[in-house]
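# Summary of structural features
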Amino acid sequence: SKEWVERHAGLMAICAACEGSAKEIVRQLEALVKAIIPLVTKDPHPRVRWAALNCIAHLCAEFSPALQQAFGRPLLEAIVSAMRNRSNPARVTAHATTCLVDFCAKDESHTIRGYLDEILPAIAAVFQLASRDAKQPDNAKTSDFSSSSSSKKASSSSASFCFSLSPSSPSSPSDPRIIAAAMGALAAVSGAA
């Protein structure tokens, strides 16, 4: 769809379906992974990228360790790409980082070991971003999910279910939640490796 709200809703529906219909979804797992990955890396709207990462996290929870064994490389490349994408809002970067934790949680065959050369620098980059951002004055920090022309098209009711832009939302990469996510990812990676 050309509308971000529809792409977001479709991804969230996949997440919901994973929780109750894993036996049916497993037959379509390859097609789902192939459809979700480009949304993580190439979708123009950050809320769609966030929802795609959320899908990956749900797939990891439901289909591990088979998911990591079958699709480890493309999933990790998408997650790492989202972690390194400096145009992503802090919320998307944090979600990519916690998605890595979900990937590692049930990786019984230690699939992640083969990807440490890509993963560890990405986690370090998240810490560096947080450190650099913490040194900037508050007015120089970018806000999370700033309004864009595509988000203005959505009605306030359809956009409100996606994210709350309240003060409790991470507003910058120095937000403690993004730092905690990076620390959790580092711990998960070291435990899985």
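## Things to note about the overall build of the chain
Counting its regular elements, the chain contains 10 helices and zero strands. Element order for the chain, N to C, with α for helix and β for strand: α-α-α-α-α-α-α-α-α-α. Counting every position in the chain, which comprises 193 residues, the buried fraction comes to 48%. Taking the intrachain contacts of the chain between residues at least 6 apart in sequence as the baseline, contacts between residues at least 24 apart amount to 79%. Roughly 9,400 Å² of accessible area belongs to the chain as shown, and the carbon and sulfur atoms make up 56% of that amount.

## A word on helix α6 (residues 90–105)
An ideal rise of 1.5 Å per residue puts 22 Å on 16 residues; α6 measures up with 23 Å between its terminal C-alpha atoms. Most of α6 is tucked away: 12 of the 16 residues are buried. For α6, the set of buried residues is Ala90, Arg91, Val92, Thr93, Ala94, His95, Ala96, Thr97, Cys99, Leu100, Phe103 and Cys104.

## What about the side chain of threonine 93?
Assignment of secondary structure puts threonine 93 in helix α6. Not counting chain neighbours up to four residues away, the residues in contact with threonine 93 comprise Ala82, Met83, Asn85, Arg86, Asn88, Val126 and Ile178.

## Focus: the pattern of salt bridges
Enumeration over the complete set of coordinates arrives at three salt bridges. The partner of glutamate 30 in a salt bridge is lysine 34, and the shortest N-O contact between them spans 3.0 Å. On the criterion of helical spacing, the pair formed by glutamate 30 and lysine 34 is a turn pair, its members being four residues apart in helix α3 (residues 29–42). The class of lysine 34 is exposed, set by a relative accessible area of 57%.

## Regarding the environment of cysteine 99
Mapping cysteine 99 onto the fold places it in helix α6. A C-alpha to C-alpha distance of 8.3 Å links cysteine 99 and alanine 185, two positions 86 residues apart in sequence. Excluding residues that lie within four positions of it along the chain, cysteine 99 makes contacts with Leu53, Ile56, Ala57 and Ile79.

## As for the nonpolar core
Counting residues in each nonpolar core, the largest one holds 53 residues, and the members touching the most others are Ile36, Leu67, Leu100 and Ile119. Elements supplying a minimum of two residues to this core: α1 (4–20), α3, α4 (46–63), α5 (66–84), α6, α7 (116–135) and α10 (176–192). At 11 residues, the largest contribution of residues to this core is made by α4. The residues contacting leucine 67, other than those within four sequence positions of it, are Leu29, Val33, Leu59, Cys60, Gly72 and Leu75.

## Section: α3
For α3, built from 14 residues, the straight-helix expectation of 20 Å at 1.5 Å per residue is met to within 8% by its first-to-last C-alpha distance of 20 Å. What α3 keeps buried is the set Leu29, Leu32, Val33, Ile36, Ile37 and Val40. Down the axis of α3, the smallest arc covering the buried residues is 130°, so these residues share one side. Of the residues in α3, the exposed ones pointing more than 90 degrees away from the buried face are Lys34 and Lys42.

Rules used in this analysis
- Within every chain, residues take consecutive numbers counted from 1 along the sequence as written.
- Note on the predicted model: pLDDT of at least 70 is required for a residue's local features to be given, and 80 or more for side-chain atom pairs to be given and counted; whole-chain, interface and lining totals, by contrast, use all residues.
- Only hydrogens and water are set aside when side-chain values are computed; all heavy atoms of the structure are taken into account.
- Segments assigned H or I by DSSP are reported as helices when at least four residues long, segments assigned E as strands when at least two residues long, and all are numbered from the N terminus.
- The buried label goes to any residue with under 20% of its type's maximum accessible area, the exposed label to any with over 50%, and the partly exposed label to all in between, with areas taken from a 1.4 Å probe on protein chains only.
- Note on definitions: a residue-residue contact is assigned when non-hydrogen atoms from the two residues lie within 4.5 Å.
- Per-residue and other accessible areas were derived by the Shrake-Rupley procedure at a 1.4 Å probe size, with only the shown protein chains allowed to occlude residues.
- Expected helix span is given by 1.5 Å per residue-to-residue step, counting one fewer step than there are residues.
- Each reported salt bridge corresponds to a side-chain nitrogen of Lys or Arg within 4 Å of a carboxyl oxygen of Asp or Glu.
- Put simply, buried Ala, Val, Leu, Ile, Met, Phe, Trp, Tyr and Cys residues joined by side-chain atoms within 4.5 Å make one nonpolar core.
- What the arc measures is the spread of directions leading from the helix axis to the C-beta atoms.

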